[in-house]
Amino acid sequence: MSEKRIFIIEYAKGSDKGFDGFRPDTKPILNAISEATGIDTEVVFYRPNRKYDLLEYLKEHAYAVISRINPGNLKAVDEYFQFLKALSNAGVEIHTHPDVMINLDFKDILAKLKGTKLGDEGTHFYHTYTEFVSNFPALLDNYGIRVLKTNYGSTGEGVYLVSKKEDGSIFTVEAVNNEKYYYEDINEFLHKFESNFEADDENAAYFQGKAGFVGCRYLERIAEGEIRVLLVGEKIVSVVHKKPQEGAFSATLFSGAQYKYESPDEPKWKEVVKLTKSGLKDINPYLSGQQYPLLWTMDYIMDYDADGKDSYVLSEINCSCVGISTQLEVAKEVAKVFKKRFKK
Ligand SMILES: Nc1ncnc2c1ncn2[C@@H]1O[C@H](COP(=O)(O)OP(=O)(O)O)[C@@H](O)[C@H]1O
Ligand SMILES: [Mg+2]
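Bear in mind that the values here come from a model prediction, so they are computed numbers and not experimental data.

## Observations regarding the domain arrangement of the chain
- Domains assigned within the chain are domain 1 (5-96 + 332-342), domain 2 (103-118 + 219-326) and domain 3 (124-216).
- Each of domain 1 and domain 2 has a C-alpha centre, and the two are 24 Å apart.
- Listed by partner, the interface residues are 13 residues for domain 1 and 14 residues for domain 2.
- Among the elements that make up the side of domain 1 that touches domain 2, the one with the highest residue count is helix α9 (residues 330-342) (three residues).

## Structural notes on the environment of Asn 103
- Mapped onto the elements, Asn 103 comes out in helix α4 (residues 98-104).
- Separated by 180 residues in sequence, Asn 103 and Ile 283 place their C-alpha atoms 9.5 Å apart.
- Apart from residues lying up to four places away in sequence, Asn 103 is in contact with Ile 109, Tyr 286 and Ser 288.

## Here we look at the nonpolar core
- Core analysis: the biggest nonpolar cluster contains 80 residues, and Phe 7, Ile 33, Val 65, Tyr 300 and Val 334 have the highest contact counts within it.
- The residues contacting Val 334, other than those within four sequence positions of it, are Ile 29, Ala 32, Val 232, Leu 294 and Leu 295.

## Thoughts on the packing of helix α2 (residues 51-61) against helix α3 (residues 77-89)
- Direction vectors running N to C along α2 and α3 enclose 25°, while the axes themselves pass 10 Å from each other. Looking at the two axes, α2 sits roughly parallel to α3. Considering how the two elements wind past one another, α2 and α3 form a crossing that is right-handed. In contact with Lys 51, Leu 55, Leu 58 and Lys 59 of α2, α3 contributes Phe 83, Ala 86 and Leu 87.
- When its residues are assigned to classes, the contact of α2 with α3 shows five nonpolar, no polar and two charged.

## Considering the sheet that holds strand β2 (residues 41-46)
- Taking strand neighbours across the sheet as the criterion, the four strands line up as β2-β1-β3-β4 in an open arrangement whose pairing is parallel. Strand pairing shows two members of the sheet lacking a second neighbour, β2 and β4 (93-95), which therefore form its edges. Across the sheet, the mean angle from the axis of one strand to that of its neighbour is 25°, orientation sign disregarded.
- Where strand β3 (residues 62-67) and β4 come together, three bridges link them in parallel fashion. Looking across to β4, one finds that Ala 64 is bridged to Glu 93.

## Concerning helix α6 (residues 129-143)
- Over its 15 residues, α6 extends 20 Å from the first C-alpha to the last, a length consistent with the 21 Å expected when each residue adds 1.5 Å.
- Among the residues trailing α6, Gly 144 stands out with phi positive, at a value near 80°.

## Quick notes on unusual backbone geometry
- Cis geometry marks the peptide bond from His 95 to Thr 96, where omega comes out at -10°.
- Its place among the elements puts Thr 96 in the loop between β4 and α4.
- Phi is positive for Asn 178, close to 55°, though the residue is something other than glycine.
- Here Asn 178 shows up in the loop between β8 (170-174) and β9 (179-183).
- For Ser 288, which is not glycine, the phi dihedral falls at a positive 50°.
- Tracing the backbone shows Ser 288 in the loop between α8 (270-283) and β14 (296-304).

## A look at the packing of helix α1 (residues 26-37) against α9
- In the contact formed by α1 and α9, the axes pass within 8 Å of each other and the chain directions differ by 40°. Here α9 runs oblique to α1, going by the angle between their axes. When the axes of α1 and α9 are compared, the crossing they make is right-handed. Judged by residue contacts, Pro 28, Ile 29, Ala 32, Ile 33, Glu 35, Ala 36 and Thr 37 of α1 engage Ala 331, Lys 332, Val 334, Ala 335, Lys 336, Phe 338, Lys 339 and Phe 342 from α9.

Conventions and cut-offs
Residues numbered from 1 in each chain as written. Chains lettered and ligands numbered in written order. Predicted model: local features only at pLDDT ≥ 70, side-chain atom pairs only at ≥ 80, totals over all residues. Domains from an automatic or database assignment. Contact = placed C-beta atoms within 7 Å. Helix = DSSP H or I, 4+ residues; strand = E, 2+ residues; numbered from the N terminus. Core = buried A, V, L, I, M, F, W, Y, C linked by C-beta atoms within 7 Å. Buried ≥ 20, exposed ≤ 12 C-beta atoms within 10 Å, placed from the backbone. Axes fitted to C-alpha atoms, helices over the stretch in contact; angles between N-to-C directions. Parallel < 35°, antiparallel > 145°, perpendicular 65-115°, else oblique. Left-handed = near helix turned anticlockwise from the far one by under 90°. Nonpolar A, V, L, I, M, F, W, Y, C, P; charged D, E, K, R; others polar. Pairing = 2+ DSSP bridges. Expected span 1.5 Å × (residues − 1).

Set out below in structure tokens:
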């Protein structure tokens, strides 16, 4: 009988590939794991029309599977989550488990965390257009400016800054490309926005109730950047300060933002590290009995508290395929998790 191995699954297509067709961090992660554990590793591609073959292959050969696919790249995400679930049911260790991804990797977690230190009171999840129409206009009047995030979005796609001017006209900017739109009034905006709400797929196992948008407070200190806390399991391994280009609203690398990688021990990150550590207990109920993700981030934007001191507002969690191509030393931390579990 052949020895079992540790796998990474990638999607064959996507903009996240290196010259050889793999994500640039895939081989470094697998090499670090095999060095730490002595266990062989392998990369496979997920192809939806060959998923049953892959399922059988992995059931036979895998101890553990690390999924490195951005759900945004898949057409049938629900089907992929069910595939991972089937592997998990067959006894294969899955990172990140789909029961965890469905809870943490989508923006509605921001609304669920309301009432904890990680949640911001101004956050709402609009599953349907009806909910949106009955709640959003009043909040927009109140705040003058709001942020709307597609529940499934990534890399700034479907994240809109919405502002209302004195004359009642509406102005929106999309984070992915800083594309700007004008609407004469709230009714025109609501009417145009309706098409962004999708109906639930009746056959979905995972995605019931997940379509829609999360509305948040606009945090003007985004101009100072986004603070990404990178974790391996429960351990904070680095803090990345992402600063948007002058005048831009998006902090994604693609939009030209500057990234600075720093140690979590730097005194200036003390508060955000403390908040993240204490927030783990609030994340815990959403793990559905699984482990904390192998490699994940909590992204924050700065704000001021009532005393005018710096505070941090959680703006998203990523746990499906956080890239570490520019910080490959993190691969060693990932490998430690497997060393603990699979040391012979
Ligand atoms: N509450 C907010 N206030 C101001 N800007 C925000 C806010 N939330 C997100 N942004 C901006 O929009 C970008 C994309 O939003 P984010 O929540 O990170 O979604 P994703 O990265 O999945 O597209 C962020 O990088 C940031 O620049
Ligand atoms: Mg983001």
